[in-house]
Amino acid sequence: MKMTLRYFGPTDPIPLQHIRQIAGVKGVVSTLYDTTPGEVWERSAIRTLKNSIEEAGLELSGIESVNVHDTIKIGCPGHRDMYIENYIKSLEALGEEGVQLVCYNFMPVFDWTRSDLAKMREDGATVLSYEQAKIDAVDPEKLFESINENSNGLVLPGWEPERMEQIKQLFLMYQGVDNEKLFQNLVYFLKAIMPVCNKYDIKMAIHQDDPSWSVFGLPRIISSGDNLVRMLEAVDDPHNGVTLCTGSLSSNPNNDVCEIIPRLKGRIYFAHVRNIRQYGNGNFDEAAHLSADGSLDMFKIMKTLYDSGFDGVIRPDHGRAVWGEGGMPGYGLYDRAMGASYLNGIWESLEKIFPRK
């Protein structure tokens, strides 16, 4: 198991030197933040990122993410093949630079959705939160009339005014794309990129939908154990794998992470291990990684991963904002550092109590 932290590049308020000081953290996962979906990645830019990380005494353990262009998800004739070719070129560049893990998702329009980026907890910390009633208050028919009027006065995270026209066009493009069509478009994409993944031994690790149900009527296809197994069986290649996100899956209480992990044995290449507080009815808050702070049994999750033979890249995720720390919601230093230490402690216990043969 390789403990890492997510690093947001040169503009990250948390420098690599501080990440290096977290005991047990050996690397980071990152991406080229000045690129757009569909753009071909240059080897020189990848090398610059990799060198800066290595100079800080860490390693680039994987890329999170190489974003998939929406024309690929929609299945636009002609256009998707051009963007798939661009994706293949980016994978070639990564492979030439020795990168062998790529996290990605296949969520339409929004990578993730929250209704609050700084919900105040009883302990004074703030967390990311999702409240279904706030999402339901949004009228998709009026979504684009005005950034101030599109949701009865509610502005959700990620709804930047400058992106609204682009998002409007994307919603129109996804009309007629249901779950089955989106799934077949994922299969088409994966089959096209598997040859380059095999050439460079790049493991593609798909991230679950967040939350794990449809939002604003858009299709969602990676939201359960059955979805994940179907995807792995449809493209049965060892380089087609999974980023297991415990929080995304558990946003739906019907998903039992510890039941899902054995079904994915040998194909989980990356793990985002975080805790959430489930309230039912589509409501949840992020929580500290400690089991007692949320609804998930973190020891059981880690043991199930351990028992499945997992030895891939792992990181804590979506920490609280504590001790007055500002910065990027969910990605402060302090709580993620505590999360990494907690998860490392569990793993050390597992190795000593249940040594692998």
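My aim in this report is to walk through the structure given alongside it, one point at a time. (Residues numbered from 1 in each chain as written. Predicted model: local features only at pLDDT ≥ 70, side-chain atom pairs only at ≥ 80, totals over all residues. Heavy atoms only, no water.)

The next subject is the overall build of the protein chain. The number of helices and strands found in the protein chain is twelve helices and twelve strands. Taken against the 2.2 N^0.38 rule, which gives 21 Å for 357 residues, the C-alpha radius of gyration of the protein chain at 20 Å falls within 12% of a compact globule. In terms of principal-axis extent, the alpha carbons of the protein chain reach across some 55 × 50 × 40 Å. The buried share among the 357 residues of the protein chain stands at 57%. The long-range fraction of contacts in the protein chain, counting pairs at least 24 apart against all pairs at least 6 apart in sequence, stands at 72%. For the protein chain, the exposed surface amounts to about 15300 Å²; the carbon and sulfur share of it is 49%. Seen as two clouds, the 36 positive and the 49 negative side-chain charges of the protein chain have centres 5 Å apart. (Helix = DSSP H or I, 4+ residues; strand = E, 2+ residues; numbered from the N terminus. Rg over C-alpha atoms; globule rule 2.2 N^0.38 Å. Buried < 20%, exposed > 50% of the residue type's maximum accessible area, 1.4 Å probe, protein only. Contact = heavy atoms within 4.5 Å. Areas by Shrake-Rupley, 256 points an atom, 1.4 Å probe, with all protein chains shown as cover. Lys, Arg positive; Asp, Glu negative; His and termini not counted. Charge placed at Lys NZ, Arg CZ, Asp CG, Glu CD.)

Right, let's get into a nonpolar patch on the surface. Taken together, the side chains of Trp323, Tyr334 and Met338 present a nonpolar region at the surface, about 350 Å² in accessible area. Inspection of the secondary structure puts Tyr334 in helix 12 (residues 334-353). Under the relative-accessibility criterion, Tyr334 is labelled partly exposed at 33%. (Patch = residues over 30% accessible without salt bridge, like charges linked within 9 Å, V, L, I, M, F, W, Y side chains within 5 Å. Salt bridge = Lys/Arg side-chain N within 4 Å of Asp/Glu carboxyl O.)

With that settled, the discussion passes to unusual backbone geometry. Excluding glycine, residues mostly have negative phi values, and the peptide bonds linking residues are mostly trans. Geometrically, the link from Glu64 to Ser65 is a cis peptide bond, its omega value of 10° lying close to zero. Cis peptide bonds are those with omega within 30 degrees of zero, and the linkage from Asp210 to Pro211 qualifies with 0°. Examined against the element boundaries, Pro211 turns out to sit in the loop between strand 7 (203-207) and helix 8 (225-234). The backbone of Asp201 shows a phi angle near 55°, a positive value even though the residue is not glycine. Within the secondary structure, Asp201 sits in the loop between helix 7 (179-200) and strand 7. Taking the relative accessible area as the measure of exposure, Asp201 reaches 32% and is therefore partly exposed.

The next thing to look at is the packing of helix 4 (residues 79-96) against helix 7. Closest axis-to-axis distance for the helix 4/helix 7 pair is 10 Å, and the angle between their directions is 30°. Judged by the angle between their axes, helix 4 and helix 7 are roughly parallel. Helix 7 is crossed by helix 4, and the crossing has right-handed handedness. Listed contacts from helix 7 to Arg80, Asp81, Ile84, Tyr87, Ile88, Leu91, Glu92, Gly95 and Glu96 of helix 4 are Asn185, Tyr188, Phe189, Ala192, Ile193, Val196, Cys197 and Tyr200. (Axes fitted to C-alpha atoms, helices over the stretch in contact; angles between N-to-C directions. Parallel < 35°, antiparallel > 145°, perpendicular 65-115°, else oblique. Left-handed = near helix turned anticlockwise from the far one by under 90°.)

Before going further, it helps to spend a moment on the sheet that holds strand 6 (residues 126-130). Taken in spatial order, the four strands of this open sheet run 5-6-11-10, and their pairing is antiparallel. With partners counted over all chains shown, the strands left at the sheet margins are strand 5 (116-120) and strand 10 (276-280), one partner each. Between one strand and the next, the sheet's axes are offset by a mean angle of 30°, whatever the strand orientation. Taken together, the two bridges between strand 6 and strand 11 (residues 283-286) define a ladder with antiparallel strand orientation. Paired with Tyr130 across the strands is Phe284, a residue of strand 11. (Pairing = 2+ DSSP bridges.)

Moving on, we come to the pairing of strand 8 (residues 240-245). For a regular strand, side chains alternate in direction, first toward one face of the sheet and then toward the other. Of all six residues that make up strand 8, six are buried, and the element is covered over most of its length. Handedness of the crossover joining strand 7 and strand 8 through helix 8: right-handed. (Right-handed = clockwise from strand over helix to strand, strands pointing away.)

Bringing the layout of surface pockets into the picture now. Put simply, the second largest pocket is a space of about 430 Å³. Taken together, 23 residues make up the lining of the second largest pocket; nearest its centre are Lys203, Tyr269, Asp311, Gly312 and Val313. Elements with a contribution of two residues or more to the lining of the second largest pocket: strand 3 (59-64) and strand 9 (268-273). No other element matches strand 3, which puts four residues into the lining of the second largest pocket. Classifying every residue of the lining of the second largest pocket gives eight nonpolar, eight polar and seven charged. (1 Å grid on protein atoms, 1.4 Å probe; cavity = no way out; pocket = protein on both sides within 12 Å on 5 of 7 lines; lining within 4 Å. Points joined across faces, edges and corners; volume = space filled by probe spheres on them. Nonpolar A, V, L, I, M, F, W, Y, C, P; charged D, E, K, R; others polar.)

Summed over all chains, the structure comprises 26 salt bridges. Between Asp335 and Arg320 there is a salt bridge whose closest N-O contact spans 2.8 Å. Here Arg320 lies in the loop between strand 12 (313-316) and helix 12 and Asp335 lies in helix 12, a separation of 15 residues in the sequence. Of the residues examined, Asp335 reaches a relative accessible area of 3% and is grouped as buried. By relative accessible area, which is 13% here, Arg320 ends up buried. Several salt bridges converge on common partners, so that one network encompasses Arg6, Glu64, Arg114, Asp210, Arg274, Glu286, Arg315 and Asp317.

The next thing to look at is the nonpolar core. Tyr87, Leu91, Leu186, Phe189, Ile193, Met204 and Leu305 are the most contacted members of the largest nonpolar core, which has 96 residues in total. Take this core: its biggest share by element is eleven residues, from helix 7. Among the nonpolar cores identified, the runner-up in size contains seven residues, and Val29, Leu101, Cys103 and Val313 belong to it. (Core = buried A, V, L, I, M, F, W, Y, C linked by side-chain atoms within 4.5 Å.)

Within an α-helix, residues lying three or four positions from one another point in the same direction, as the helix has 3.6 residues per turn. Residues Gly225, Leu228, Val229, Met231 and Leu232 constitute the buried set of helix 8. Projected down its long axis, helix 8 carries its buried residues within an arc of 160°, all on one side. Of the exposed residues in helix 8, the ones pointing more than 90 degrees away from its buried face are Asp226 and Glu233. The inward-facing, buried residues of helix 8 abut helix 7, strand 7, strand 8 and helix 10 (257-263). (Arc of directions from axis to C-beta.)

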